[in-house]
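In case you want the letters, here they are:
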Amino acid sequence: MPRLAISPEFPRELSVLAQTARKDVVVAIRRFLAGAPDAPIPERVRHAHDPRVVTLRLAEGLRAVAVRLGDLYWMLTVLPDEQAWTYARRRRFTVNSAIGVVESWDAEALENIEPALRRAAAATDRRLLAHVCDGDLLHLGIDPRLLRLVRLMSTEAHLAATEPLLPESQYAPLAVLAAGGSMAAAWRALDARRAVAAESIDPDDLAAALARSPDQAVFVGQATVERILTRPGWCTFLDPPQHRLAYRDGYPHPVLVTGGAGTGKTLTALHRAAHLARRAAGRVLFVTFSQGLAADLSARLDLLIDDETARRRVDVVNIDRLAHRIVTDAEGRPPKLAQPGELTELWRQAAEAVGCDRGPAFLTREWEQVVLAQNLRGLDEYLAAPRHGRGVELGPDERRAVWACLEDFLARLRATGRRTLLQLAAEASQLLGRKTGDLLESGGPRREPYRHLIVDEAQDLHPAHWRLLRAAVPPGPDDIFVVGDPHQRVFDTHVALSDVGIPARESRLRVCHRLPQEILSWAVRLRGGGPADGLVKGSTGLDGLRATRGGARPVVRGYVSAEAELAGLVNQVREWLADGTPAESVAVAARSAELVRAARAALREAGLEVKVTTLHGMKGLELARVAVIGVADGVVPAPEALTPAEEDAAARAHDMQRERGLLYTACTRTSEMLYVSYTGRASPFLPP
């Protein structure tokens, strides 16, 4: 009976076929695995660059291309007949001699560019990698046949032209050296392509290399083949850095994974949760920022985890509901929540009662960013506490006045019988600190406490949230796994995890798999503003972030009137839908609720039904095409969201970065096209 491995390209190509063709292909693959008499027969490919490549007729007009390794068949892709034969002839497959991963080459295309490289080399004595000897390049796993071409290259443009034709494990170290990097840096770039450690490497053993390349192959049997072929690729294949982080056992410390937009942080967290659940070492608590994201993550885990027993080990919840549940269970009834307008009035009354000359916005920030953030319990603690990030200095007498105002405010709030969400988080952490696990029940039979914690969208959690989460799981191996991007922070929360009892070690993902490079580069310029305050001590930049593919540039259009801008939006969305983009893969976003209502009305009047939401509502979404409207001066940043500079210059600077991060987050939700529009003068955030 044959054994089977599936490449990620195979299910991708399968997914674009007509439904009847997809069904025929899956049935043919099942017959092949079973060794049925009518199973597809492997056919050799004449003039192939790799003699192990075969094709198999799977359906009318459709063939699989595979690499035959004894009784193992690595199914690469499924294409129409002529395309399949062409693909099969031009590919070559090797094992990287340095890290043991499988490599796929467009051998024919490389042969075709060699004459042009020779002509360019004859015109100059300069050589791109003359400073690196052959031995060092071979030691880095550079294929000897590629080395011949490398020695002809005189400019970085020559190397860049070969990128689409080369395995990433070949191109990455060469790109580092061509840019003047050291051998150590080239080794780091190469090692990033390693998902599984290799004790020994046989360059002729392609089957062993497949087992070390989970991003390139998954081994399947009769029980799993249909699921692998028909479910989304993200359920099966991870980039090597993602795989290493998600599937390691025995982390001796909390882990923090950061990375720019589209680098797969949430995907890594989902696979980490699935791995821990299958390992059955304890229950897993998966926490994210909003209820909408929690529902989406729960649905994705349903796809990812097949075993129902393992799936039940993972609870997905947003942070506010977790705190609400713990306090409700402790008190026997749901707590009532105060509304923003109500809180503003209580602050105004408290300030007037004690003679404090600070406004509600200042007092709210002081309470949330100093008192609640540091869990301060009395005046003496407040007098001694640092006030990081607060631009207005307060002397001892001013602090006493603010504390008196805070006490009056809290008394008035208690009298209403209401609390804030951050208060609930602080109270929940105290409850868990006294009785860890008992208050994490959500009804039904008593369950064991959580053993593992996964946190998504970590950049927007407050220190009170983190104290709650630290109390939710006992310290130990594999206890806390955190993912986030400080550059996508949309709330004014800044915390170093070590300050709340989580001494996390940071790993960074640097490859963007969602955005085309053109949109990514534009978005990085939009985000600007230098590094962002990280979740570990210091700051985090966007240096080294790159995309895996090119695509369309962002479209930025200015209009003379709001009516013209809405008409332009309608035309753009209509064009996208006419191109065949599903309506559920299109979203429109704006900063204000008023603009959202206007856009929704204009689209509905035109008979177009797509998602229309605020910039905040774009958080966590992944779409094919995104339109962001109203990105005008005076709208983005939103004036009402900015602290007056005369009141607190530092707070205003934080507000500006938060608004910039909000726009950046919305603009990086797309995988194909981005449309940005404004009326009048453009927002100062938009790149020139």
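Residues numbered from 1 in each chain as written. Predicted model: local features only at pLDDT ≥ 70, side-chain atom pairs only at ≥ 80, totals over all residues. Heavy atoms only, no water.

Draft legend 1. Molecular detail of helix α4 (residues 107-122). Look at α4: 23 Å from first C-alpha to last across 16 residues, which is about the 22 Å you get at 1.5 Å a residue. The largest bend in α4 comes to about 30°, at E114, with the proline P115 one to four residues further on. Of all the residues in α4, the buried ones are A107, A109, L110, E114, L117 and A121. Contacts from the buried residues of α4 go to α3 (81-90), β6 (91-95), β7 (102-106), α6 (144-150) and α7 (156-162). (Helix = DSSP H or I, 4+ residues; strand = E, 2+ residues; numbered from the N terminus. Expected span 1.5 Å × (residues − 1). Bend = angle between axes of the 7 residues up to and from the residue. Buried < 20%, exposed > 50% of the residue type's maximum accessible area, 1.4 Å probe, protein only. Contact = heavy atoms within 4.5 Å.)

Draft legend 2. Local environment of the pairing of strand β9 (residues 255-259). Where burial is concerned, most of β9 is hidden: five out of the five residues are buried. Along β9, one buried face is formed by V255, V257 and G259 and the opposite face, lined by L256 and T258, is buried too. Here β9 runs beside strand β15 (residues 480-484); their pairing, made up of four bridges, is parallel. When the sheet's bridge partners are listed, L256 is paired in β15 with V482. Sheet topology note: the β9/strand β16 (residues 505-509) ladder contains five bridges and is parallel. Along β16, the bridge assignment pairs V257 with S507. (Pairing = 2+ DSSP bridges.)

Draft legend 3. Molecular detail of the sheet that holds β9. Read across the sheet, six strands follow the order β11-β10-β14-β15-β9-β16 without closing on themselves; strand pairing throughout is parallel. Each edge of the open sheet carries a strand with a single partner, namely β11 (314-318) and β16. Averaged over all pairs of adjacent strands, the angle between their axes in this sheet comes to 20°, without regard to strand direction. Across five bridges, the pairing between strand β10 (residues 283-288) and strand β14 (residues 450-455) is parallel. (Axes fitted to C-alpha atoms, helices over the stretch in contact; angles between N-to-C directions.)

Draft legend 4. Structural context of the layout of surface pockets. Its boundaries defined by the atoms lining it, the second largest pocket holds a volume of some 1200 Å³. In terms of lining, the second largest pocket is formed by 34 residues, of which the most central are T364, E368, L422, F491 and D492. Mapped by element, the contributors of at least two residues to the lining of the second largest pocket are α17 (340-354), α18 (360-374), α21 (421-434) and α26 (649-667). Residue contributions to the lining of the second largest pocket peak at seven residues, all from α18. (1 Å grid on protein atoms, 1.4 Å probe; cavity = no way out; pocket = protein on both sides within 12 Å on 5 of 7 lines; lining within 4 Å. Points joined across faces, edges and corners; volume = space filled by probe spheres on them.)

Draft legend 5. Structural view of the packing of helix α12 (residues 240-247) against helix α13 (residues 265-279). Across the interface, α12 lies against α13 with an axial gap of 8 Å and an inter-helix angle of 35°. Here the hand of the crossing between α12 and α13 comes out right-handed. Facing Q242, L245, A246 and Y247 of α12, the residues of α13 in contact are L267, T268, H271, R272, H275 and R278. Partitioned by chemical class, the residues of the contact of α12 with α13 number four nonpolar, four polar and two charged. (Left-handed = near helix turned anticlockwise from the far one by under 90°. Nonpolar A, V, L, I, M, F, W, Y, C, P; charged D, E, K, R; others polar.)

Draft legend 6. Here's a closer look at the packing of aromatic side chains. Inspection of the entire model under this criterion finds seven aromatic pairs. Centroid distance W367 to F409: 5.3 Å. Interplanar angle 70°. Geometry classified as edge-to-face. Of this pair, W367 sits in helix α18 while F409 is found in helix α20 (residues 396-416), placing the two residues 42 residues apart along the sequence. With relative accessibility at 4%, the residue W367 sits in the buried group. By way of ring pairs, the aromatic residues W347, W367 and F409 are connected into one cluster. Sitting over the ring of W105, R92 keeps its end group 4.7 Å from the ring centre. Seen from the ring of F362, R358 lies directly overhead, with NZ or CZ sitting 4.7 Å from the centre. (Phe/Tyr/Trp six-rings, centres within 6.5 Å; stacked < 30°, edge-to-face > 60°. Lys NZ or Arg CZ within 6 Å of the ring centre and 35° of its normal.)

Draft legend 7. Region of the structure containing the sheet that holds strand β8 (residues 218-220). Read from one edge to the other, the open sheet built from six strands follows the order β2-β3-β4-β5-β1-β8, with strand pairing classed as mixed. Both edges of this open sheet fall to β2 (43-44) and β8, since each of them pairs with a single strand only. Relative to strand β4 (residues 62-69), strand β3 (residues 53-59) is paired through six bridges, and the arrangement is antiparallel. Bridging from a neighbouring strand, T55 pairs with V65 of β4. In the packing of helix α2 (residues 19-34) onto the sheet, the strands contacted are β1 (3-6), β3, β4 and β5 (72-80), and the crossing angle to β3 comes to about 125°. Each of β2, β3, β4 and β5 touches α3; the most contacted strand, β5, lies at about 135° to it.

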